[in-house]
Amino acid sequence: MDSKTLRKPASHASAFTLVEMLVVIVIMSILMTAGAIGLSGMGGKGVSSAVASADALFDEARAVAVGQRTRARVLVAKDLSSFPEQNLRRIVVAREALKADGSVDTNKWELVSRPLTLPDQVYFSQEYSRKDHEAGTGEPEVMSMTGKAASAGDYYYYEFNSEGICTTPGSSLVLGTGSRPLNASSGELPRVTAAGKRDFGGFVVWRNGRTSSFRSPTQISSNIDSLKAGDKF
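Each residue is numbered by its place in its chain's sequence as written, counting from 1. The predicted nature of this model means local features are confined to residues of pLDDT at least 70 and side-chain atom pairs, given and counted, to a pLDDT of 80 or more, with totals for whole chains, interfaces and linings taken over all residues. As a convention, hydrogens and water are excluded, and side-chain values are obtained from all of the structure's heavy atoms.

**Points about the side chain of Q126**
(1) Moving on: Following the sequence through the fold, Q126 ends up in the loop between strand 5 (122-124) and strand 6 (141-145).
(2) Moving on: In this structure the side chain of Q126 is engaged in a polar contact, spanning 2.6 Å, whose partner is the side chain of Y156.
(3) Moving on: Between two residues, a contact is recorded if the distance between any of their heavy atoms is within 4.5 Å. Not counting chain neighbours up to four residues away, the residues in contact with Q126 comprise E139, Y156, L189 and F233. Secondary structure elements follow DSSP: runs of H or I no shorter than four residues count as helices, runs of E no shorter than two count as strands, and numbering proceeds from the N terminus. Pairing of N or O atoms within 3.5 Å defines a polar contact, subject to two protein rules: one partner must be a possible hydrogen donor and the other a possible acceptor, and residues neighboring in sequence count only if both atoms are side-chain atoms.

**Considering the packing of aromatic side chains**
(1) Moving on: Only Phe, Tyr and Trp rings take part, Trp by its six-membered ring, and two of them pair if their centres are within 6.5 Å. Stacked means planes under 30 degrees apart, edge-to-face means over 60, and tilted covers everything else. Overall, the coordinates contain six aromatic pairs when judged by the stated rule.
(2) Moving on: With centroids separated by 5.3 Å and ring planes inclined at 65°, the aromatic side chains of F58 and Y158 adopt a geometry described as edge-to-face. You can see F58 sitting in helix 2 (residues 42-68) and its partner Y158 sitting in strand 7 (residues 153-160), a full 100 residues away along the chain.
(3) Moving on: Put simply, the rings of F58, Y158, F160 and F203 pair up and form one aromatic cluster.
(4) Moving on: Should the NZ of a Lys or the CZ of an Arg lie within 6 Å of a ring centre and within 35 degrees of the ring normal, that charge is described as sitting over the ring. Between R73 and the ring centre of Y157, over which it is positioned, the NZ or CZ distance is 3.8 Å.

**Some remarks on the pattern of salt bridges**
(1) Moving on: A pairing counts as a salt bridge when a side-chain nitrogen of Lys or Arg comes within 4 Å of a carboxyl oxygen of Asp or Glu. One pass over the structure, following the stated rule, counts seven salt bridges.
(2) Moving on: Linking D120 and R89 is a salt bridge whose minimum nitrogen-to-oxygen distance equals 3.6 Å. With D120 in the loop between strand 4 (116-117) and strand 5 and R89 in the loop between strand 1 (72-80) and strand 2 (90-98), this pair connects stretches of sequence that are 31 residues apart.
(3) Moving on: When a residue's accessible area, from a 1.4 Å probe over protein chains only, is under 20% of the maximum for its type it is buried; when over 50% it is exposed; and in between it is partly exposed. Judged by its relative accessible area of 67%, D120 is exposed.
(4) Moving on: Using a relative accessible area of 11% as the deciding quantity, one classes R89 as buried.

Now the structure itself:
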């Protein structure tokens, strides 16, 4: 037998052709562009998820009010004594406290839910959240919480009575994307960023406790169109 017939053909190292390399470069460019677009829209997703979480707390507050036959409130931190960095970013449900005999203590409130901390750079809008949204007037009512240092401070609140009825029907809760210095004073409002100029969302609360979400920032206020980077909200 001829020894040549037993010899294996020599193997050659594989390599990318020029066309294959160009295809890989194009795919990488597409993925990088998609990633950049995704990152630029993170603020909007943050507001959307925050609005959904806040809406769930309103449902919880109404259920607490009806189930326990007491008043319940959704609280938005306005000026926390111990955690000022969470001002306008912490939302929680409270109810009227119950006495030992089971009766309601109308002078004392207690927290009944885990606090919701809004995503980074998402804040409650003091400028656009209104007591009467249609008329564009009035800020939500304010109350004070005492007791535990972690929750002590002033809060904006939205209230449901023992029948689950919103006591300020037509009031709105609006959230927006912005920034605030780490060493900001307790009363300093967040400022609009260039990327978040129109990045606002929220809802109106009706008498029966149901909510209607805003479909666009202009439904919140026509003034949003004139916002500039650095404006307070």
